[in-house]
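Coordinate analysis (summary)
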Amino acid sequence: MAMIIPLSHAANDSTTVTCASCEACCCKLQVLLMAGDNVPEHLVEYDQWNTAAMRRQSDGWCAALSRDTLLCTIYQRRPMLCREYAMGGSDCIDERALHAK
Ligand code: SF4
Ligand code: SF4
C-alpha cells in the first residue's frame, strides 16, 4: 500500500505526495544495476562499456513497469536504486514537477 507523505514546505496543507497519484515518473529514469541486484535478465540492457541498466522501452518507461497498473512487476526483486528512491524525497519531488510541466 502506498504511503502518503505530507509536504512540509507546501503552501497548501492538503498537498500530499503519493505514488498513487503519480504516473510512475521515477520509472522513466535510468536505473543502473549494482552488484547484488537480481533482476530478470530479459529486463536488462548493456551499453558499449557493458554497464548494466534496467531496459527501457520506446515510451521511456522501464520494461518492468506494468503499463496497465503503473506498478513494478518485479517489486520483490527491484534493483537497489529503486529500493533507495524515497517517495516524497527531493528527487521524487523534482521528478514529479518535471513531468507536471
Ligand atoms: S516519482 Fe515519487 S511519487 Fe512518483 S512513482 Fe516515483 S516515488 Fe512514487
Ligand atoms: S524496476 Fe520497478 S521500481 Fe525500478 S524503475 Fe523499473 S518499474 Fe520502476
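Scroll up for the structure.
Conventions and cut-offs
Residues numbered from 1 in each chain as written. Chains lettered and ligands numbered in written order. Predicted model: local features only at pLDDT ≥ 70, side-chain atom pairs only at ≥ 80, totals over all residues. Helix = DSSP H or I, 4+ residues; strand = E, 2+ residues; numbered from the N terminus. Buried ≥ 20, exposed ≤ 12 C-beta atoms within 10 Å, placed from the backbone. Contact = placed C-beta atoms within 7 Å. Near = placed C-beta within 6 Å. Nonpolar A, V, L, I, M, F, W, Y, C, P; charged D, E, K, R; others polar.

Another aspect to go through is the overall build of the protein. Each helix and strand counted, the protein has 2 helices and 4 strands in total. In the protein, the order of α-helices and β-strands from amino to carboxyl end is β-β-β-β-α-α. Out of the 101 residues in the protein, the part that is buried amounts to 12%. In the protein, 46% of the contacts between residues at least 6 apart in sequence involve partners at least 24 apart.

Now for the site of ligand 2. Cys27, Val31, Met54, Cys62, Ala64, Leu65, Cys72, Ile74, Arg78, Pro79 and Cys82 make up every residue found near ligand 2. In terms of residue class, the shell around ligand 2 is made up of 10 nonpolar, no polar and 1 charged.

So, about the environment of Cys62. Tracing the sequence through the fold places Cys62 in the loop between strand S4 (52-54) and helix H1 (80-84). On a C-alpha basis, the gap between Cys62 and Leu43 in space is 8.4 Å, while along the polypeptide they are 19 residues apart. Other than its neighbours up to four places away in sequence, Cys62 contacts Cys27, Val31, Met54 and Arg56.

Attention now goes to unusual backbone geometry. If you check the backbone angles, Ala24 has positive phi at about 50 degrees while not being a glycine. Tracing the sequence through the fold places Ala24 in the loop between strand S2 (16-17) and strand S3 (44-46). Backbone geometry at Leu70 places phi at a positive 60 degrees, although glycine is not the residue there. Along the chain, Leu70 turns up in the loop between S4 and H1. For Leu70, a count of 14 C-beta atoms within 10 Å translates into the label partly exposed.

A word on the site of ligand 1. Contacts to ligand 1 come from Val17, Cys19, Cys22, Ala24, Cys25, Cys26, Tyr85, Met87, Cys92, Glu95 and Arg96. Of all the elements, helix H2 (residues 90-100) adds the most residues to the shell around ligand 1, at 3 residues. Counted by class, the shell around ligand 1 contains 9 nonpolar, no polar and 2 charged residues.

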